[in-house]
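Here is what each chain is made of, one letter per residue.
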Amino acid sequence: EHKAGSQLPVTPRFLEALIRLSEARARAELRRVVLLSDVEDVIEIIEAGADFEEQLPDEPIRKGKSKASAVVDRLKQQMQKRARLSGSSEFRLKELRELAGPGVKDEEFDRAIQRLNEQENALLIKGS
């Protein structure tokens, strides 16, 4: 028997999910009939998921690149491509803005240009 002190809220949606998952558990073992053990396994998995959810941080954790880093990477790729095709490695700020793309905000573009100047050893001449 399942312990009655469970903290899982029982709603119609939860019961429908329990039925679907129990049926899937039975099908995974090539059975057409759902056994009590299938239901108990599903409940155990749901409870483990609820316990895990409580351990998740309240604030989102950012993974991957920042928007400015993604813009820097895109600009570097486009600059290298254009330099190979045209033989020129000089770019005007207006050209770089176009290379960044229309979805890039001005502040993100400015941060990317600053990063190109400071960290990526790209020499960008002011007033260009």
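Located above this text is the structure these notes cover.
First, a word on scope: everything that follows refers to the structure included in this document.

The rules behind the values
Residues numbered from 1 in each chain as written. Predicted model: local features only at pLDDT ≥ 70, side-chain atom pairs only at ≥ 80, totals over all residues. Heavy atoms only, no water. Helix = DSSP H or I, 4+ residues; strand = E, 2+ residues; numbered from the N terminus. Contact = heavy atoms within 4.5 Å. Areas by Shrake-Rupley, 256 points an atom, 1.4 Å probe, with all protein chains shown as cover. Buried < 20%, exposed > 50% of the residue type's maximum accessible area, 1.4 Å probe, protein only. Arc of directions from axis to C-beta. Axes fitted to C-alpha atoms, helices over the stretch in contact; angles between N-to-C directions. Left-handed = near helix turned anticlockwise from the far one by under 90°. Nonpolar A, V, L, I, M, F, W, Y, C, P; charged D, E, K, R; others polar.

## Structural notes on the overall build of the protein
Thinking step 1. Of the regular secondary structure elements, the protein holds five helices and zero strands.
Thinking step 2. Reading the secondary structure of the protein in the N-to-C direction produces α-α-α-α-α.
Thinking step 3. The long-range fraction of contacts in the protein, counting pairs at least 24 apart against all pairs at least 6 apart in sequence, stands at 51%.
Thinking step 4. Here the protein has roughly 10400 Å² of accessible surface; of this, 52% comes from carbon and sulfur atoms.

## Observations concerning helix α4 (residues 93-100)
Thinking step 1. Of all the positions in α4, only Leu96, Leu99 and Ala100 are classed as buried. Along the axis of α4, the buried positions cluster into a sector of 100°, meaning they face one direction only. Those residues of α4 that are exposed and angled more than 90 degrees off the buried face are Lys94 and Glu98.
Thinking step 2. In this structure, the buried side of α4 is in contact with α3 (67-86) and α5 (106-118).
Thinking step 3. Following α4 by one or two positions, Gly101 adopts a phi angle in the positive range, close to 105°.

## What about the packing of α4 against α5?
Thinking step 1. Contact geometry of α4 with α5 gives a least axis separation of 11 Å together with a crossing angle of 115°. In terms of crossing hand, the pair formed by α4 and α5 is right-handed. Facing α4, whose interface residues are Leu93, Leu96, Arg97 and Ala100, α5 presents Asp106, Phe109 and Ile113.
Thinking step 2. The class makeup of the residues in the contact of α4 with α5 is five nonpolar, no polar and two charged.

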